[in-house]
Amino acid sequence: MRISTIRISAVAILASLAISQFAAADQKAETEAVKEHPLMPAIRYTEQCLERVEALPGYEATFIKREVVGNNTVSHRMKMKVRHEPFSTHSDFW
């Protein structure tokens, strides 16, 4: 198994009464939107993934890294195996 892996509207000036009403409505909408931190959906998703991974007896993955060193592209590969009970890991580099 491979584990692989974010309006503001403008308000026209019509009258001082309309401005205050729009500002109050806009402020309420912004307050409701700010109640949840922008990263909370990602954190919830990560927690769900963690629960699913911990339910597995083990897994293996291939980690591939490519980087530019000087003018050359260098590629590294690592095959990883993880077992939860009893906990063990195995890494194979090629």
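Thresholds applied
- Position labels on residues start from 1 in each chain and follow its written sequence.
- Confidence filtering applies because this is a predicted model: local features only for residues at pLDDT of at least 70, side-chain atom pairs given and counted only at 80 or more, and all residues used for totals across whole chains, interfaces and linings.
- The basis for the side-chain values is all heavy atoms of the structure; hydrogens and waters are excluded.
- For two strands to be treated as a pair, DSSP must find no fewer than two bridges joining them.
- Strands here mean DSSP runs of E at least two residues long; helices mean DSSP runs of H or I at least four residues long; both are numbered from the N terminus.
- Interaxial angle, 0 to 180 degrees, is taken between N-to-C directions of lines fitted to C-alpha atoms, where a helix line uses only the stretch in contact.
- Definition used for salt bridges: Asp or Glu carboxyl oxygen within 4 Å of a side-chain nitrogen of Lys or Arg.
- Each residue gets one of three labels from its accessible area relative to the maximum for its type: buried under 20%, exposed over 50%, partly exposed in between, using a 1.4 Å probe on protein chains only.

A. Focus on the sheet that holds strand E3 (residues 88-93). Reading across the sheet, the 3 strands line up as E1-E2-E3 and stay open at both edges, with antiparallel pairing between neighbours. One side of each edge strand has no neighbouring strand; the edge strands of this open sheet are strand E1 (58-69) and E3. Going across the sheet, the axis of each strand differs from the next one's by a mean of 20 degrees, ignoring polarity.

B. Just the pattern of salt bridges, in detail. As enumerated under the stated definition, the model contains 3 salt bridges in all. For the salt bridge of Glu 60 with Lys 79, the shortest nitrogen-to-oxygen distance reads 3.5 Å. A residue pair is termed long-range when its members are at least 10 positions apart, and Glu 60 in strand E1 and Lys 79 in strand E2 (residues 72-83) qualify at 19 residues. Residue classification places Glu 60 among the partly exposed positions, given a relative accessible area of 36%. The salt bridge partner of Lys 65 is Glu 67, with a shortest N-O separation of 3.6 Å. The class for Lys 65 is partly exposed, based on a relative accessible area of 35%. On the accessibility criterion, Glu 67 (33% relative accessible area) is partly exposed.

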